[in-house]
Amino acid sequence: MSLFLPKLTCKKDIDEVIKGVAEKVVVLRFGRDEDSVCLQLDEILSKTAHDLSNMASIYIVDVHKAPIYTRYFDISYIPSTVFFFNGQHMKVDYGSPDHTKFVGSFKTKQDFIDLIEVIYRGAMRGKMIVQSPIDPQNIPKYDLLYHGI
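Computed from a prediction, not measured in an experiment: that's the story for all the values here. (Residues numbered from 1 in each chain as written. Predicted model: local features only at pLDDT ≥ 70, side-chain atom pairs only at ≥ 80, totals over all residues. Heavy atoms only, no water.)

> Which parts of the structure should I look at to understand the pattern of salt bridges?
Side chains that differ in sign of charge can pair as their charged atoms come close. Following the criterion strictly, the structure yields seven salt bridges and no others. Between Asp98 and Lys101 there is a salt bridge, with the nearest N and O atoms lying 2.6 Å from each other. The class for Asp98 is buried, based on a relative accessible area of 8%. (Salt bridge = Lys/Arg side-chain N within 4 Å of Asp/Glu carboxyl O. Buried < 20%, exposed > 50% of the residue type's maximum accessible area, 1.4 Å probe, protein only.)

What follows is the structure, given as structure tokens:
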């Protein structure tokens, strides 16, 4: 759990942040406070929050406290990080089948900073999907799970 990042505890809080934050990338980290990979990601997010404060607002969301969004974004693996800009869901092509979220932890602070800069610049130009600047070797690999198909 990060003591330095704000936590969103219900759907109403998440909705207000997504709709209310203007001209900044909204970063929502879905996960659990006690998970070691979530703690690793939280450390990276909290260390970069001040440097990125002009471009991004970063929030922590517990998957058990926001089950509606957990299902909506198909959060099967944690941590998962989802991005918004002016109320619009931003997608990123990581070279994987899923462009809706980043799954796992970033390897370095610089990977996260680069990604936010690319999302911010793309969003300011009206793009809804951007190409990931992260080295493909630094992107965690996983298989998509489709339940009930």
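Having seen it, we continue.
> What exactly am I supposed to notice about the packing of aromatic side chains here?
One pass over the full model with this rule turns up eight aromatic pairs. Summarising the aromatic geometry, the rings of Tyr69 and Phe73 are spaced 5.9 Å apart at their centres and angled 15° between planes, so their arrangement reads as stacked. Comparing Tyr69 with Phe73 shows no difference in burial state: the two are buried. With 5.0 Å between their ring centres and 80° between their planes, Tyr72 and Phe73 make a pair best called edge-to-face. Accessibility expressed as a relative area gives 64% for Tyr72, which makes it exposed. Looking at Phe73, the relative accessible area reads 6%, which means it is buried. (Phe/Tyr/Trp six-rings, centres within 6.5 Å; stacked < 30°, edge-to-face > 60°.)

> Honestly, helix H1 (residues 11-20) in this entry has me stumped. Any pointers?
Working note: α-helix, 3.6 residues per turn, so residues spaced by three or four point in the same direction. Looking at H1, one finds that the buried residues are Ile14, Asp15, Val17 and Ile18. The arc enclosing the buried residues of H1, seen along the axis, measures out at 165°, which places them on a common side. Of the exposed residues in H1, the ones pointing more than 90 degrees away from its buried face are Lys12, Lys19 and Gly20. The inward-facing, buried residues of H1 contact strand E1 (7-8), strand E2 (25-31), strand E3 (56-62), helix H3 (67-72) and strand E4 (80-85). (Helix = DSSP H or I, 4+ residues; strand = E, 2+ residues; numbered from the N terminus. Arc of directions from axis to C-beta. Contact = heavy atoms within 4.5 Å.)

These figures come from the coordinates and say nothing about function on their own.
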